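Letter by letter, the chains look like this.
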Amino acid sequence: MHSLSDDEDVRAVVLRIDSPGGSALASDLMWHAVRRVAKHKPVIVSISDLCASGGYYVASAAARILAQDSSLVGSIGIVGGKIVFEDLAQRVGVHGERLKRGKHAGWQSALARLQAR
C-alpha cells in the first residue's frame, strides 16, 4: 500500500478538519495515523468552521494547527447547555425538593437556574 509517508514528491501533508466530533475509536485511529505520517513528513492541520472533541484530538497530532478567526475549536465540553424546567414544573403542579451540600452542589439540577456571581 502506497503511503504519503513514503512518497518522495510529497513534502508535507495538509489535513483539513471540519468535525463536531464523533466516535472515540475512529478519532483515536486517525490520531495514530497522523502521528505515523508526522514521523516522516510535517503534518499541518487546517481547521474549518468546527473542530470539537474527536476532531480536536486528531488535530493535536499535527506539528502545526491553523484556524480561521471564526472557527469553533475545543475539546469535550466546549459545547453544552442546561435545560431548566423550573417554571414548567410549577405551572403543571410539580414541586421538587433539592437536597444538596455545598454552595454549588445543585448546579446541574433541572429545577434550578444558575445564579450570577
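For the structure given in this document, a descriptive report is provided here. (Residues numbered from 1 in each chain as written. Predicted model: local features only at pLDDT ≥ 70, side-chain atom pairs only at ≥ 80, totals over all residues. Heavy atoms only, no water.)

1. Notes on the pairing of strand β2 (residues 43–52)
Each regular strand carries side chains that alternate between the two faces of the sheet. The buried fraction of β2 is high, at seven of ten residues. Looking at chain direction, strand β1 (residues 13–19) and β2 are connected through six bridges and run parallel. Across the sheet, S19 pairs through a bridge with C51, a residue of β2. A crossover links β1 with its parallel partner β2, the connecting element being helix α1 (residues 24–38), and its sense is right-handed. In the sheet, β2 pairs with strand β3 (residues 64–67) via four bridges, with the strands oriented parallel. In the sheet register, I44 faces β3, and the bridge partner there is R64. Since β2 and β3 lie parallel, the crossover through helix α2 (residues 54–59) that links them has a hand, and here it is right-handed. Pairing geometry for β2 and strand β4 (residues 72–74), over three bridges, is parallel. In the sheet register, L50 faces β4, and the bridge partner there is L72. (Buried < 20%, exposed > 50% of the residue type's maximum accessible area, 1.4 Å probe, protein only. Helix = DSSP H or I, 4+ residues; strand = E, 2+ residues; numbered from the N terminus. Pairing = 2+ DSSP bridges. Right-handed = clockwise from strand over helix to strand, strands pointing away.)

2. Remarks on unusual backbone geometry
Of note in this structure, S53 is not a glycine but carries a positive phi near 45 degrees. Residue placement: S53 occurs in the loop between β2 and α2.

3. Observations regarding the nonpolar core
The biggest cluster of nonpolar side chains holds 13 residues, and the ones touching the most others in it are V13, I17, V34, V43, V45, C51 and A59. When residues of this core are traced back to their parent elements, those giving at least two are β1, α1, β2 and α2. Take this core: its biggest share by element is four residues, from β2. (Core = buried A, V, L, I, M, F, W, Y, C linked by side-chain atoms within 4.5 Å.)

4. Points about the side chain of S46
Checked against the element boundaries, S46 lands in strand β2. Under the relative-accessibility criterion, S46 is labelled buried at 17%. A polar contact is formed between the side chain of S46 and the side chain of R16, at a distance of 2.6 Å. With near-sequence residues (within four places) excluded, S46 lies in contact with V14, L15, R16, I17 and L66. (Polar contact = N/O pair within 3.5 Å; in protein donor to acceptor, adjacent residues only side chain to side chain. Contact = heavy atoms within 4.5 Å.)

5. Details of the packing of aromatic side chains
Applying the stated criterion to the full structure yields one aromatic pair. Considering the side-chain rings of W31 and Y57, the 5.6 Å spacing of their centres and the 5 degrees angle between planes classify their relative orientation as stacked. Of the two residues, W31 sits in helix α1 while Y57 sits in helix α2, which places them 26 residues apart along the sequence. Exposure remark for Y57: the relative accessible area of 33% places this residue in the partly exposed category. (Phe/Tyr/Trp six-rings, centres within 6.5 Å; stacked < 30°, edge-to-face > 60°.)

6. A short note on α1
Its 15 residues place the ends of α1 21 Å apart at the C-alpha level, agreeing with the 21 Å of an ideal helix rising 1.5 Å per residue. Those residues of α1 not exposed but buried are S27, V34 and V37. Each buried residue of α1 lies within a common arc of 85 degrees when the element is viewed along its axis, so the set occupies one face. Exposed and oriented more than 90 degrees from the buried face of α1 are A24, L25, L29 and R36. Buried residues along α1 sit in contact with β1, β2 and α2. (Expected span 1.5 Å × (residues − 1). Arc of directions from axis to C-beta.)

Nothing here speaks to function; it is geometry throughout.
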